[in-house]
Each structure stands twice: as structure tokens, then as C-alpha cells.
Amino acid sequence: PELVGGLVLIGSGKVDISRLHELGEMPALVLWGSKDKVADVETGGQIYEHLNNSQFIIFEDAGHACYLDQPDRWHHELLSFLREVAFQPTSESVGG
């Protein structure tokens, strides 16, 4: 739980990416619907590019609420990500 810095289920179409670098190396998962009409895939790509340690997964044929359009895949991707980052060393565990 302390490894999870935040979870945004629904973001607005206007994303301020100017401060994303402040997250440093915190792992981030960006999930996006290819048919999102609120914030297009390019916006998701910009978010991904501004995060130092992120994964970007596009859900084909899903809209803004990709977790509703493809709930099984969404949950699979989220749980896989959480399992992966749970075993990444933190700066505290490596003497930082």
C-alpha cells in the first residue's frame, strides 16, 4: 500500500503534465481507451512520456471508461502492475 502513490480512475480531458516529473521514479500505469472522446490517445502518450518509470497500455475499441468497457482486462493489467511494483526495490530498501 505504501508503494501506491495514487490512483486516478477517471481523468478529465485537460491534463496538466507540467508537474509529472515530480513523481520521480515512482512506478506509474497509464491505461487508455483507443476511442476515448474525452482525452485522446495522444494525451495518454504525453502523460506516459513525462513519467520516468511508467507503462502505457491502450485498450483497443474502448472509450474513456475503459475499466467499464473491458473490466476483465483492466483488472488484469492493474493487478499485474501492482504485483510487479510490489517487488521493485525502493530507495529505502537499497540504502538510499
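Here is what the cut-offs are and how they apply
- Residues numbered from 1 in each chain as written.
- Predicted model: local features only at pLDDT ≥ 70, side-chain atom pairs only at ≥ 80, totals over all residues.
- Heavy atoms only, no water.
- Helix = DSSP H or I, 4+ residues; strand = E, 2+ residues; numbered from the N terminus.
- Buried < 20%, exposed > 50% of the residue type's maximum accessible area, 1.4 Å probe, protein only.
- Contact = heavy atoms within 4.5 Å.
- Areas by Shrake-Rupley, 256 points an atom, 1.4 Å probe, with all protein chains shown as cover.
- Phe/Tyr/Trp six-rings, centres within 6.5 Å; stacked < 30°, edge-to-face > 60°.
- Lys NZ or Arg CZ within 6 Å of the ring centre and 35° of its normal.
- Lys, Arg positive; Asp, Glu negative; His and termini not counted.
- Salt bridge = Lys/Arg side-chain N within 4 Å of Asp/Glu carboxyl O.
- Polar contact = N/O pair within 3.5 Å; in protein donor to acceptor, adjacent residues only side chain to side chain.

**Regarding the overall build of the protein chain**
Broken down by element type, the protein chain carries three helices and two strands. Going from the N terminus to the C terminus, the protein chain shows its helices and strands as β-α-β-α-α. Within the protein chain, the fraction of its 96 residues that count as buried is 27%. Excluding contacts between residues fewer than 6 apart, the proportion of contacts in the protein chain whose partners are at least 24 apart in sequence is 67%. Surface accessibility of the protein chain: about 6,600 Å² in total, with carbon and sulfur atoms responsible for 55%.

**Focus: helix 1 (residues 41-50)**
Considered for burial, the residues of helix 1 that qualify are Thr43, Gly44, Gly45 and Ile47. Against strand 1 (28-33) and strand 2 (54-59) lie the buried residues of helix 1.

**Points about the packing of aromatic side chains**
In this structure the tally under the stated criterion is two aromatic pairs. Measuring from ring centre to ring centre gives 5.7 Å for Tyr48 and Phe56, while their planes differ by 20 degrees; the resulting arrangement is stacked. Relative accessible area serves as the criterion here: at 24%, Phe56 is assigned to the partly exposed category. Between Arg73 and the ring centre of Phe59, over which it is positioned, the NZ or CZ distance is 4.4 Å.

**Re the side chain of Asp36**
Mapping Asp36 onto the fold places it in the loop between strand 1 and helix 1. Although Asp36 lies buried, it forms no salt bridge, and the closest oppositely charged side chain, Lys37, sits 9.4 Å away as judged by the N-O distance. Polar side-chain contacts of Asp36 include one of 2.7 Å to the backbone nitrogen of Val38. At 2.9 Å, the side chain of Asp36 and the backbone nitrogen of Ala39 are in polar contact. In this structure, Asp36 is in contact with Ala62, Gly63 and His64, ignoring residues within four places of it in sequence.

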